[in-house]
Amino acid sequence: MCLFCKIVAGEIPSTKVYEDETVLAFRDIAPMAPTHILVIPKAHIPSVDGITAENSAVVAHIFEIIPAIAAQEHLVGGYRVVSNCGPDAGQTVNHLHFHILGGAELSTQMA
Ligand code: 5GP
Ligand code: ZN
């Protein structure tokens, strides 16, 4: 089981900020902004490269939930959503996740 599947299963603890049947959001263990949350599908999808017509409904659902999480976290000044895909992007956990970064003015450097 991958690290984030273990978090979904409760085998590794996490600080949850949102959960429903198909999606989990929790605080990043090494925050890169004052607010740094990871939003993941509970089902294992390795990365953005693994999104297909069969499983993309959960991705749409994630993007419906993200604004609600941002509101809950009072990210009134805005926020950034990032998904690293593959080694060139520095993906370290091979379970699809979307970073929500906010709570301060972020770097304008995207890469
Ligand atoms: P990636 O580098 O793959 O885009 O993002 C993986 C993220 O997962 C990193 O920001 C890292 O800090 C976070 N992370 C790694 N292990 C854990 C963990 O055990 N718990 C939590 N909450 N976050 C983790
Ligand atoms: Zn997984």
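First, a word on what this report is: a plain description of the structure on this page. (Residues numbered from 1 in each chain as written. Chains lettered and ligands numbered in written order. Predicted model: local features only at pLDDT ≥ 70, side-chain atom pairs only at ≥ 80, totals over all residues. Heavy atoms only, no water.)

As for the coordination of the zinc ion (ligand 2)
Cys2 (SG), Cys5 (SG), His44 (ND1) and His95 (ND1) make up the full set of protein donors to the zinc ion (ligand 2), lying at 2.1 to 2.3 Å. Around the zinc ion (ligand 2) sit four donor atoms, and with donor-metal-donor angles ranging over 102 to 120° the site reads as tetrahedral. Mapping the donors of the zinc ion (ligand 2) onto the primary sequence yields the spacing C-x2-C-x38-H-x50-H. Of this pair, Cys2 sits in the segment before helix H1 (3-9) while His44 sits in the loop between strand S3 (35-41) and helix H2 (56-72), and the two are 42 residues apart along the sequence. Judged by its relative accessible area of 40%, His44 falls in the partly exposed class. (Donors = N, O, S within 2.8 Å, 3.2 Å for Na, K, Ca; no water. Tetrahedral: all angles 85-135°; square planar, octahedral: opposite > 155°, others 65-115°. Helix = DSSP H or I, 4+ residues; strand = E, 2+ residues; numbered from the N terminus. Buried < 20%, exposed > 50% of the residue type's maximum accessible area, 1.4 Å probe, protein only.)

Regarding the site of ligand 1
Near ligand 1 lie 16 residues; those nearest to it are Arg27, Asp28, Asn84, Thr92 and His99. Contact distances for ligand 1 include 3.3 Å between an oxygen atom and a backbone N or O atom of Gly90. Contact distances for ligand 1 include 3.1 Å between an oxygen atom and a backbone N or O atom of Val93. Calculation on ligand 1 without its partners gives an accessible area of 520 Å², and the protein chains cover 84% of this total. Where the shell around ligand 1 is concerned, the elements lending two or more residues are H1 and strand S2 (23-27). Per element, the largest residue contribution to the shell around ligand 1 is three residues, and it comes from H1. Across the shell around ligand 1, the residue classes break down as eight nonpolar, six polar and two charged. (Near = heavy atom within 4 Å. Polar contact = N/O pair within 3.5 Å; in protein donor to acceptor, adjacent residues only side chain to side chain. Areas by Shrake-Rupley, 256 points an atom, 1.4 Å probe, with all protein chains shown as cover. Nonpolar A, V, L, I, M, F, W, Y, C, P; charged D, E, K, R; others polar.)

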